[in-house]
Amino acid sequence: MVSHSWSRKMDLQYGLFLEYEGWVVASIYVSINKESLNCQPYIIRSPRKDERGREGEGQKRAKGRKAKMALSALVVWWEEWQLRILVLGSLFLQYFLCFAAPWRKHSIRPFLRFSIWLAYLGSDAVAVYALATLFNRHKNTGGEGSRALEVLWAPVLLLHLAGQDAITAYNIEDNELWRRHVLTVTSQVTVALYVFCKSWSGEDKLLRGAVLLFIAGILKCIDKPISLKGASIYSLVTQNLGEGETGSAHEVRSLEAYIVQAKKYFETIKVAQDQHSQADAVPSLAFQPYHLFVDLAYTQSSRLIILESFLGLKDPGAYMVLKAGLNSTYSRLYTKSNVHLRDEVSCKPFCSCLLRLLAIVLTFATIGLFQRSHKDYYNDSDVKVTYTLLCCTAVLEFFGFSSIGVRPPKKDAGFKEGKENPFSWPDRVAQYNLIASFARDRNPSKLLKLASFFGCKDYVDQHFYVEQCPSSSSFAITQLVIAQVKAGWKDYIQDTSTYWMFNDRRGQLTIQQERCNQELCRTLQGPFDEAVLVWHLATDICFYEVASAATDRHHKTAILCREISNYMVYLLVVHPDMLMAGSRAGIFTVARNKLQAMFRGTELPSGEGDLTREIHRKAQLLQDATAIEAFIQLASKLASQLLTMDGEKRWKVTQGVWVEMLCFSASRCRGYLHAKSLGMGGEYLTYVWLLLSHLGLESVAERQQRSHVVWQAEEAAGTQSSVESIQRSENPEEEAAAADHANEAAITGDDIV
């Protein structure tokens, strides 16, 4: 191999390389000067194979030693900074929870909700691990200066372990684990006290600061188990036993008397004009409906009081009462407000507030004592970390307590027009559509393709592609529910049987009142989840087949019907247990797969409206359909029947059916599930459920006790029949004559009159 090049001195160099089995064994360079034309050959011998191997091994060993040194340096750095990183990380998690936790009752991004859940679990884990690190560091002999500052770090970690006032429980099940938290707090306080005894440096000011901080930490740690226990199901049930007995003029015992009195209220509704008088007229039970969420029914007297006051509210006021009640229930179940604030006169909340205020004062006092201590003896990094911990923790404690415990929501908050109540519950009407889901499944996005690769496509589709209606839609649907319930009390409910029938309606009442074809009722006679899907698809077909303009007077009604329809399907897919016990979320997936089969090998229309019309056309051509295809065919037939009506009647019937379905689902959802949904942002179904209770309709607990009432009725009927038999026995001659007449009729075949 020959190569040449020019050097800076205008020399031409030629090189000859000798290779053997891929190795260069010798190199011969010839340098020719252009001016003197002198040739100076020289040979550079390449290293041998064994020498090159030894050099390579030496380089590998050197690299290995460097890697070990770097790893050792990293380990040394981690041992020095491990505790600092842990306590600062714990402080960061507490700040994140303090500001992010209140947002979880709103409709937020799934990623933010996941981050709050991760921070809630990780905050306790980081604090416990930091205390364990403090415990293990005392096995070492060095770092006495740093160890003295650990006296202040240990109680700060206790404050972090007690959590934030804005979030004591993430799920409602966390409240039932209060005993476990008592054990955890006891063990960690013991560890912190051990660290305190071992790390005491003998300085009086630092010792006094540590003692004050320990008192503050222990006082706050006591708060969390008390809050969890107070929000547990057993505590709520036992506390509310016997509540609602007013002993006033509204004292009513029987259901019949309750119905008679309630009808009088609906016939003579008196609306309060003054906003403050509206707020004062509403009893505290409406603002604090805690026992409804544990399926405890109101007494008949309490129901009448709430009904009378609720009917006296204007529309925005009634809506705000519902939001205030949900907000107070959320605070009771998931924050520490149930410890700090109570309506009843008791020394328990006063003592709790006093202890928390004392803890905050002691935290600020510790900062002053640390400022006056001898800080030159300690490590500079530890001093900075200690200042950061003390100052940030003191500010966090003051802000967290003041935002939860010092500013309770006013009773008349939210009644003023044009002013949004910051304590009210947010609006949330989720939307999920069968045809839109089918279109996404046919033409998935990049996110859905990635989720399908990891096997979580349905989860991503149900959480990342759920839309939200504006607050105006929530308010409008609420007004529809109120109007229908009021009409039912005035025109339909007359006695106990009609009262029960009105509570059991799910669309049949509207069809009967509008004198529609009875074939529409057959679509409601099957399982409730199938009826929801049938009417959902039929509503979409009617919506796009008519394609009314925005100026059409029926357009707003059609939009509301479709929003209720999409929300009911959302409940079926995401929360089937709330829709109704026994609801099958899988039938949605099966129906979507059948739609896929209908369009296999064909290209989908571009728009959702065109796709809906094409589904309607194909469904009309189905022959010998399967069970699910028959469901699609049934929805198409239902839509065809609705399309034969005029626009006003069509959407009036559709709206009435969907409102009845919504009320039917809300009244059959357990209070425990409503309480559980509050921790995840709440559901609009809980609005409707609470509204129906305030308007005097049945709750789940009252419906489950119907058998007792029926048994009493049967017993009364049996008593009446026995009385009649006794009366007949007193007239034996008439009884014998009636028996002879019956025998003669049986022989001759005549009817008995």
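Residues numbered from 1 in each chain as written. Predicted model: local features only at pLDDT ≥ 70, side-chain atom pairs only at ≥ 80, totals over all residues. Heavy atoms only, no water.

1. Focus on the overall build of the protein
Counting secondary structure elements, the protein contains 33 helices and six strands. About 37900 Å² of surface is accessible on the protein, with carbon and sulfur atoms providing 58% of the total. (Helix = DSSP H or I, 4+ residues; strand = E, 2+ residues; numbered from the N terminus. Areas by Shrake-Rupley, 256 points an atom, 1.4 Å probe, with all protein chains shown as cover.)

2. Observations regarding unusual backbone geometry
Phi is positive for D295, which is not a glycine, with a value near 60 degrees. Along the chain, D295 turns up in the loop between α9 (284–287) and α10 (300–311). Taking relative accessible area as the criterion, D295 reaches 22% and is therefore assigned partly exposed. Positive phi outside glycine occurs at R515, with the angle close to 55 degrees. Examined against the element boundaries, R515 turns out to sit in the loop between α20 (508–513) and α21 (519–522). (Buried < 20%, exposed > 50% of the residue type's maximum accessible area, 1.4 Å probe, protein only.)

3. Some words on the packing of helix α18 (residues 471–491) against helix α30 (residues 684–694)
It is the contact of α18 with α30, at a shortest axis distance of 11 Å, that shows an interaxial angle of 30 degrees. When the axis of α18 is compared with that of α30, the two are roughly parallel. Handedness of the crossing formed by α18 with α30: right-handed. Here S474, I477, T478, V481, I482 and V485 of α18 come into contact with α30, specifically with Y684, V688, L691 and L692. (Axes fitted to C-alpha atoms, helices over the stretch in contact; angles between N-to-C directions. Parallel < 35°, antiparallel > 145°, perpendicular 65-115°, else oblique. Left-handed = near helix turned anticlockwise from the far one by under 90°. Contact = heavy atoms within 4.5 Å.)

4. Some words on a nonpolar patch on the surface
Taken together, the side chains of L71, L74, V75, W77, W78 and I85 make up a nonpolar region of the molecular surface, amounting to roughly 550 Å² of accessible area. The residue L71 is located in helix α1 (residues 49–100) in this model. (Patch = residues over 30% accessible without salt bridge, like charges linked within 9 Å, V, L, I, M, F, W, Y side chains within 5 Å. Salt bridge = Lys/Arg side-chain N within 4 Å of Asp/Glu carboxyl O.)

5. Looking at the pattern of salt bridges
Scanning the entire structure with this criterion turns up 22 salt bridges. Where K457 meets D441, a salt bridge forms, and the shortest distance between an N and an O atom there is 2.6 Å. With K457 in helix α17 (residues 457–464) and D441 in helix α15 (residues 434–442), the pair connects residues that are 16 residues apart, well separated along the chain. Here R668 ties to D504 by a salt bridge, and the two come within 2.5 Å at their closest N and O atoms.

6. Things to note about helix α29 (residues 671–678)
Every α-helical turn comprises 3.6 residues, leaving residues that sit three or four positions apart pointing alike. Among the eight residues that make up α29, six are buried, leaving the element largely enclosed by the rest of the structure. Restricting attention to buried positions, one finds in α29 the residues G671, L673, H674, A675, S677 and L678.

7. With respect to helix α26 (residues 608–620)
With 13 residues, α26 ought to run about 18 Å at 1.5 Å a step, and its terminal C-alpha atoms sit 19 Å apart, in line with that. Of all the positions in α26, only G609, L611, T612, I615, H616 and A619 are classed as buried. Viewed along the axis of α26, the buried residues span an arc of 165 degrees, placing them on a single side of the element. (Expected span 1.5 Å × (residues − 1). Arc of directions from axis to C-beta.)

8. Considering the side chain of T510
On the secondary structure map, T510 appears in helix α20. In this structure T510 touches Q484, K652, V653, G656, V657 and E660, once residues within four positions along its chain are discounted.

9. Section: the packing of aromatic side chains
In this structure the tally under the stated criterion is 20 aromatic pairs. Taken together, the aromatic side chains of Y258, F266, W489 and Y499 make up a single cluster linked through ring pairs. Cation over ring: K229 sits above W178, and NZ or CZ is 5.6 Å from the ring centre. (Phe/Tyr/Trp six-rings, centres within 6.5 Å; stacked < 30°, edge-to-face > 60°. Lys NZ or Arg CZ within 6 Å of the ring centre and 35° of its normal.)

10. Remarks on the nonpolar core
Among the nonpolar cores identified, the biggest contains 125 residues, and V481, W489, Y499, Y567, M568, M661 and L662 are the most heavily contacted of them. In this structure V481 touches V659, L662, C663, V688, L691 and L692, once residues within four positions along its chain are discounted. Residues A154, A162, L362 and L389 belong to the second largest nonpolar core, which totals 40 residues. (Core = buried A, V, L, I, M, F, W, Y, C linked by side-chain atoms within 4.5 Å.)

11. As for the packing of helix α16 (residues 446–453) against α17
Between α16 and α17, the least distance of the axes is 7 Å, while the angle of their chain directions is 145 degrees. On α17, the residues that touch L447, L448, A451 and S452 of α16 are K457, V460, D461 and F464. For the contact of α16 with α17, the residue count by class is five nonpolar, one polar and two charged. (Nonpolar A, V, L, I, M, F, W, Y, C, P; charged D, E, K, R; others polar.)

12. Observations regarding the environment of F664
Examined against the element boundaries, F664 turns out to sit in helix α28 (residues 647–667). A C-alpha to C-alpha distance of 9.3 Å links F664 and W689, two positions 25 residues apart in sequence. Residues contacting F664, with those up to four places away along its chain left out, are D504, R505, R506, F528 and M580.

13. What to know about the side chain of S437
Within the secondary structure layout, S437 lies in helix α15. Judged by its relative accessible area of 1%, S437 is buried. A polar atom in the side chain of S437 sits 3.5 Å from the side chain of D461. The contact partners of S437, leaving out residues within four places of it in the chain, are Y432, D461, F588 and R592. (Polar contact = N/O pair within 3.5 Å; in protein donor to acceptor, adjacent residues only side chain to side chain.)

14. Some thoughts on the state of the cysteines
Here is the idea: a disulfide is a covalent bond, and it sits between the sulfur atoms of two cysteines. The final tally for this structure, using the stated rule, is zero disulfides. Free of any disulfide, C521 has its nearest neighbouring cysteine sulfur in C516, separated by 8.3 Å. C561 provides the cysteine sulfur closest to C542, a residue in no disulfide bond, and the two sulfurs are 9.7 Å apart. With a relative accessible area of 1%, C542 lands in the buried category. (Disulfide = S-S within 2.5 Å.)

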